Amino acid sequence: MIKEIFNEYSIMITDEQERMLQVYYELLMEWNKKINLTAITEYRDVIVKHFVDSALILKSERFMGRYSASVLDIGTGAGFPGIVLAILCPKYTFTLVDSLMKRIEFLHIIKEELELHHVSLYHGRAEDLGHQQKFRNQFDFVISRAVAELPVLLEYSIPFVKKKGYFISYKGKKYKEEVELSHRALQELESEIIEIEEHSLAKGKRFLIFIENHCLTDERYPRKAGKAKKKPLY
Ligand code: SAM
């Protein structure tokens, strides 16, 4: 069933990946009764709106065309898109960050159950972790879905991206307004929108915004926790 749904979106997965996604689905539903992980619970909806949506980036040559790469998912929540991509893209390493400890604890269970040895999990805020040397300007790709509006997200994300690496933001149909508000953030963070991919998903659209980081980020960014959201770089 999962494989068939992925096929509808021209994403091929193996039997083993289908099994892993099924286990992930079951654990997600089980733990969702105890902690708030997702409002979407109907089987096909979870597969399409969480799993396939997370996986749409696999259609991008810019993302997939490497032998190996490091990927950071900021505000991963219940593991979207990070866990789905880790299951479908074992050649890359994945670092998943969230500021809610309970969600990171859930992800430790998933990591252990699915033996995802190429996944690392960190509890913390992007604004704090982004100043640690082991994270700063270290990742080939930073990705994020449903965490903040683009100008805020740029300040969270770009400090993690390698020089010449990419931040890829999963956005909905209102992405143009967010792009319009992002000129100053892009300038301050010395980065540039280079491509916007459009994908169909269920009855709607998913837009993947590719932003290239041109430099090592100025030490002023990210500003202290909470500031990016309170006073975005408009
Ligand atoms: N990315 C997941 C998805 O698409 O389903 C989760 C989205 S959820 C709406 C936003 C998540 O971002 C929450 O789990 C929240 O704890 C996390 N978050 C919000 N601000 C953050 C920050 N500054 N640093 C790290 N995580 C953050």
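Residues numbered from 1 in each chain as written. Predicted model: local features only at pLDDT ≥ 70, side-chain atom pairs only at ≥ 80, totals over all residues. Heavy atoms only, no water.

A. How the structure looks around helix H3 (residues 43-55). When the terminal C-alpha atoms of H3 are compared, their 17 Å separation across 13 residues agrees well with the 18 Å that a helix rising 1.5 Å per residue should span. Within H3 the residues assigned to the buried category are Val46, Ile47, Val48, His50, Phe51, Val52, Asp53, Ser54 and Ala55. (Helix = DSSP H or I, 4+ residues; strand = E, 2+ residues; numbered from the N terminus. Expected span 1.5 Å × (residues − 1). Buried < 20%, exposed > 50% of the residue type's maximum accessible area, 1.4 Å probe, protein only.)

B. Quick peek at the sheet that holds strand E6 (residues 191-201). Taken in spatial order, the 7 strands line up as E3-E2-E1-E4-E5-E7-E6 in an open sheet, and their pairing is mixed. Two strands bound the open sheet, and with one partner strand each, they are strand E3 (119-123) and E6. Strand-to-strand twist in this sheet, taken as the mean axis angle between neighbours without regard to direction, amounts to 20°. Where strand E1 (residues 70-74) and strand E4 (residues 139-145) come together, 3 bridges link them in parallel fashion. Opposite Val71, over in E4, you have Phe141 as the bridge partner. Helix H6 (residues 101-114) contacts strand E2 (93-98) and E3 of the sheet and is inclined by roughly 160° relative to E3. (Pairing = 2+ DSSP bridges. Axes fitted to C-alpha atoms, helices over the stretch in contact; angles between N-to-C directions. Contact = heavy atoms within 4.5 Å.)

C. Inspection of the packing of helix H2 (residues 15-32) against H6 at higher detail. In contact at an axis separation of 11 Å, H2 and H6 are set at 150° when each is read in the N-to-C sense. Classed by the angle they form, the pair H2 and H6 counts as roughly antiparallel. Regarding H2 and H6, the two cross each other, and that crossing is right-handed. Two secondary-structure elements touch here, H2 through Met20, Val23, Tyr24, Leu27, Leu28 and Trp31 and H6 through Phe106, Ile109, Ile110, Glu113 and Leu114. (Parallel < 35°, antiparallel > 145°, perpendicular 65-115°, else oblique. Left-handed = near helix turned anticlockwise from the far one by under 90°.)

D. Region of the structure containing the pattern of salt bridges. Counting across every chain of the model gives 17 salt bridges. One salt bridge in this structure joins Glu212 and Lys164, with 3.8 Å as the shortest N-O distance. Within this pair, whereas Glu212 is found in strand E7 (residues 204-213), its partner Lys164 is found in strand E5 (residues 161-171), the two being separated by 48 residues in sequence. Classification of Glu212 as buried rests on a relative accessible area of 13%. On the basis of relative accessibility, which here comes to 47%, the residue Lys164 falls in the partly exposed class. Of the charged contacts in the structure, one is a salt bridge between Glu198 and Lys205, with a shortest N-O distance of 3.3 Å. A relative accessible area of 42% places Lys205 in the partly exposed class. Through salt bridges with shared partners, a single network forms among Asp53, Arg145 and Arg206. (Salt bridge = Lys/Arg side-chain N within 4 Å of Asp/Glu carboxyl O.)

E. Layout of the site of the ligand. Taken together, 16 residues lie near the ligand, and Gly75, Phe80, Asp98, Arg103 and Arg145 sit nearest. For the ligand, a nitrogen atom lies 2.8 Å from a polar atom in the backbone of Gly75. Here the ligand has 590 Å² of accessible area as a free molecule, and 80% of this is covered by the chains. Within the shell around the ligand, the residues separate by chemical class into 6 nonpolar, 5 polar and 5 charged. (Near = heavy atom within 4 Å. Polar contact = N/O pair within 3.5 Å; in protein donor to acceptor, adjacent residues only side chain to side chain. Areas by Shrake-Rupley, 256 points an atom, 1.4 Å probe, with all protein chains shown as cover. Nonpolar A, V, L, I, M, F, W, Y, C, P; charged D, E, K, R; others polar.)

F. How the structure looks around the pairing of E2. Among the 6 residues of E2, 5 are classified as buried, and the element is accordingly described as predominantly covered. Two strands pair when backbone bridges link them, and E1 and E2 are joined in this way by 5 bridges, in the parallel orientation. Opposite Val71, over in E2, you have Phe94 as the bridge partner. Read from E1 through helix H5 (residues 82-88) to E2, the crossover connection turns out right-handed. For the crossover that starts at E2, traverses H6 and ends in the parallel E3, the hand is right-handed. (Right-handed = clockwise from strand over helix to strand, strands pointing away.)

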